[in-house]
Amino acid sequence: MTQPKITQPDRMRLLVTGGAGYIGSVCAARLVEAGHDVVALDDLSTGHRDAVPAACRFIEGTVEDAGAVLAEGFDGVLHFAARSLVAESMAQPQRYWLGNVVASLRLLEAMREHGTPRLVFSSTAATYGEPASVPITEEAANQPTNPYGATKLAIDHAIGSYATAHGIAAVSLRYFNVAGAYGRYGERHTVETHLIPLVLQVALGRRNKIMVFGEDWPTPDGTCIRDYIHVVDLADAHERALVQAVPGEHRLYNLGNGTGFSVQQVIDTCRQITGHPIPAQCAPRRPGDPAVLIAASDRAHCELGWKPERADLAVIVADAWEFARRVG
Ligand code: UFG
């Protein structure tokens with residue numbers, strides 16, 4: 001067993017799991033641009049080979065294959081690879097307990113075995129469930145309402161104990177609603193469930209209309225409110241977390257803009273940006289949706305020095321629109 005040894009090299013050797021996915025590919029691209037040496041690991045079950053930045057070495061494999069890679073010696077891991085569909089997690093929880101929890105435990109074991117010193121993990125606001133109050137701080141109770149959130153929370157707990165016992169410098173980042181794109185890197189899910197890409201598919205003519213899941217929520221316009229964060233701001237937080245992680249500690253940060261936009265406001269912004277009328281139709285509430293999710297990210301501001309620079313919803317939508325038109 002090798003003890004983790006932490007230095008702060010300008011050029012780190014990093015393993016990005018899920019490097020062919022939406023957030024993983026954007027972060028991999030930004031890390032490469034920052035001068036790091038990045039290896040992307042992805043089984044391509046939901047990711048795309050052509051999303052991996054050209055400067056990254058690509059390994060097609062599952063998270064459970066990470067051990068063989070980490071044996072080569074790495075400064076850190078950014079762990080994005082996961083199943084992340086709430087509805088699927090309700091219907092097929094085994095995919096989440098095995099695919100998220102068991103795979104992540106194997107990754108932690110591989111890090112321990114090979115003395116990999118740093119970990120940044122993609123956690124989620126779904127760990128909090130229906131919030132008692134908003135904005136949501138990291139002190140809020142963890143009461144996930146679906147297996148997706150429960151599995152991410154379980155991994156957070158495992159990371160905490162590995163950090164304490166084995167000296168890993170670990171950070172969990174709890175994402176709110178990630179959106180936007182970074183040039184040729186963007187959201188391209190085979191099964192799309194997220195609001196902004198779905199609305200933009202209407203503008204592209206790939207769908208007739210957007211269904212609005214409930215107009216009777218206790219919000220000013222009756223539609224759900226979410227905190228949308230630009231994927232490039234999110235990537236910036238990962239870089240900061242990686243550099244500032246402390247050996248033996250597991251830190252946890254919420255990442256959002258602290259401002260909520262309703263489904264109706266998102267659709268209106270998409271209409272302005274695309275110039276398309278985007279027909280919308282009211283549909284029943286989606287099971288498990290909380291009315292309002294807004295992040296308190298003060299801890300990330302204070303401790304990481306992180307400040308989102310693309311908080312304007314119009315900027316987020318414009319970047320997502322440019323990407324959507326690019327891929328059709
Ligand atoms: N919505 C619609 N119509 C659609 C799709 C979504 O009205 O066709 C609404 C949803 O009901 C919700 C809002 O748009 O009110 C945003 O929905 P998304 O599916 O885009 O995002 P969620 O807020 O459900 O999910 C996000 C992350 C999840 C994470 C969750 C935490 O994408 O990974 O936040 O609660 F689990």
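Starting from 1, residues in each chain are numbered consecutively following that chain's sequence as written. Where totals are concerned, whole chains, interfaces and linings use all residues; where local detail is concerned, this predicted model gives features only for residues with pLDDT of at least 70, and gives and counts side-chain atom pairs only at 80 or more. Each side-chain value is worked out from all heavy atoms of the structure, with water and hydrogens disregarded.

**A short note on the pattern of salt bridges**
Any carboxyl oxygen of Asp or Glu within 4 Å of a side-chain nitrogen of Lys or Arg constitutes a salt bridge here. Scanning the model with the defined rule gives 19 salt bridges in all. Taking the shortest distance from any N to any O, the salt bridge between arginine 174 and aspartate 156 comes out at 2.8 Å. One end of the pair, arginine 174, is in strand E6 (residues 169–175); the other, aspartate 156, is in helix H5 (residues 147–166), with 18 residues separating them in the sequence. For the pair shown, arginine 174 and aspartate 156 are each scored as buried. Its salt-bridge partner being arginine 271, residue aspartate 268 comes within 3.1 Å of it at the nearest N-O pair. One end of the pair is aspartate 268 and the other is arginine 271, both in helix H8 (residues 263–274) and 3 residues apart, which spans about a single turn. A simple rule labels every residue: compare its accessible area, found with a 1.4 Å probe on the protein chains alone, to the largest value its type can have, and call it buried under 20%, exposed over 50%, or partly exposed in between. Residue aspartate 268 is classed as partly exposed on the basis of its relative accessible area, which comes to 31%. Each member of the salt-bridge network shares a partner with another, and the members are Arg13, Asp37, Arg57 and Glu72. Going along the chain from the N terminus, every DSSP run of H or I of four or more residues is numbered as a helix, and every run of E of two or more is numbered as a strand.

**Thoughts on the packing of aromatic side chains**
Stacked, edge-to-face and tilted are the three classes for Phe, Tyr and Trp ring pairs, Trp counted by its six-membered ring, which pair at centre distances within 6.5 Å; planes under 30 degrees apart are stacked, over 60 edge-to-face, the rest tilted. In total, this model carries 2 aromatic pairs according to the counting rule given. Considering the side-chain rings of tyrosine 96 and tyrosine 148, the 6.4 Å spacing of their centres and the 85° angle between planes classify their relative orientation as edge-to-face. Of this pair, tyrosine 96 sits in helix H4 (residues 93–114) while tyrosine 148 sits in helix H5, and the two are 52 residues apart along the sequence. Accessibility classification places tyrosine 96 together with tyrosine 148 in one group, the buried group. Geometrically, the ring pair formed by tyrosine 182 and tyrosine 185 is stacked, given 6.4 Å between the ring centres and 20° between the ring planes. Think of it as a cone above the ring: NZ of Lys or CZ of Arg counts as a charge over the ring if it is within 6 Å of the ring centre and within 35 degrees of the ring normal. Just above the ring of phenylalanine 74 sits the side chain of arginine 13; from NZ or CZ to the centre is 4.5 Å. Over the ring of tyrosine 182 we find arginine 30; its NZ or CZ atom is 5.0 Å from the centre of that ring.

**Some thoughts on the packing of helix H1 (residues 22–33) against helix H7 (residues 231–244)**
Contact geometry for H1 and H7: axes closest at 9 Å, N-to-C directions at 60°. Classified by the interaxial angle, the pair formed by H1 and H7 is oblique. As H1 runs across H7, the sense of the crossing is right-handed. Residue-level inspection shows Tyr22, Ile23, Val26, Cys27, Arg30 and Leu31 of H1 in contact with H7, the latter providing Val231, Val232, Leu234, Ala235, His238, Glu239 and Leu242. When residues are sorted by character, Ala, Val, Leu, Ile, Met, Phe, Trp, Tyr, Cys and Pro go into the nonpolar class, Asp, Glu, Lys and Arg into the charged class, and all the rest, Gly among them, into the polar class. Taken together, the residues of the contact of H1 with H7 sort by class into 10 nonpolar, 1 polar and 2 charged. To obtain an axis, a line is fitted to C-alpha atoms, over the contacting stretch when the element is a helix, and the angle between two such axes runs from 0 to 180 degrees between their N-to-C directions. Here is the rule for angles: anything less than 35 degrees is roughly parallel, anything more than 145 is roughly antiparallel, 65 through 115 is roughly perpendicular, and the remaining ranges are oblique. With the far helix as reference, a near helix turned anticlockwise by less than a right angle produces a left-handed crossing, and one turned clockwise produces a right-handed crossing. Contacts are residue-level and defined by heavy atoms, with any inter-residue pair within 4.5 Å sufficient.

**What about the site of the ligand?**
Taken together, 20 residues are adjacent to the ligand, and His194, Met211, Arg226, Arg286 and Asp289 come closest. Within the side chain of arginine 226, an N or O atom sits 2.7 Å from an oxygen atom of the ligand. Coverage of the ligand by the protein amounts to 90% of the 690 Å² it exposes when considered alone. Secondary structure elements with two or more residues in the shell around the ligand: helix H6 (195–203) and strand E8 (210–213). At 4 residues, E8 tops the list of elements feeding residues into the shell around the ligand. Taken together, the residues of the shell around the ligand break down into 13 nonpolar, 4 polar and 3 charged. Near, as used in this document, describes a residue that has one of its heavy atoms within 4 Å of the molecule or strand being considered. Definition of a polar contact: a pair of N or O atoms within 3.5 Å, with one able to donate and the other able to accept a hydrogen when the atoms are protein atoms, and with sequence-neighbouring residues admitted only if both atoms are side-chain atoms. The Shrake-Rupley method, run with a 1.4 Å probe sphere, supplies the accessible areas, and residue values consider only the shown protein chains as cover.

**Looking at the sheet that holds strand E2 (residues 37–42)**
One requirement defines pairing of two strands: DSSP has to find at least two bridges between them. Reading across from one edge, E3-E2-E1-E4-E5-E6-E11 is the order of the 7 strands in this open sheet, with parallel pairing throughout. Both edges of this open sheet fall to strand E3 (57–60) and strand E11 (250–255), since each of them pairs with a single strand only. Direction aside, neighbouring strands of the sheet carry axes that sit 20° apart on average. Bridge count for E6 against E11 is 6 bridges, and the pairing is parallel. Opposite leucine 173, over in E11, you have tyrosine 253 as the bridge partner.

**Brief notes about the environment of glycine 328**
Examined against the element boundaries, glycine 328 turns out to sit in the segment after helix H10 (313–327). Accessibility expressed as a relative area gives 44% for glycine 328, which makes it partly exposed. As a C-alpha pair, glycine 328 and arginine 206 span 122 residues in sequence and 8.9 Å in three-dimensional space. Once residues within four sequence positions are removed from consideration, glycine 328 is found in contact with Leu204 and Arg206.

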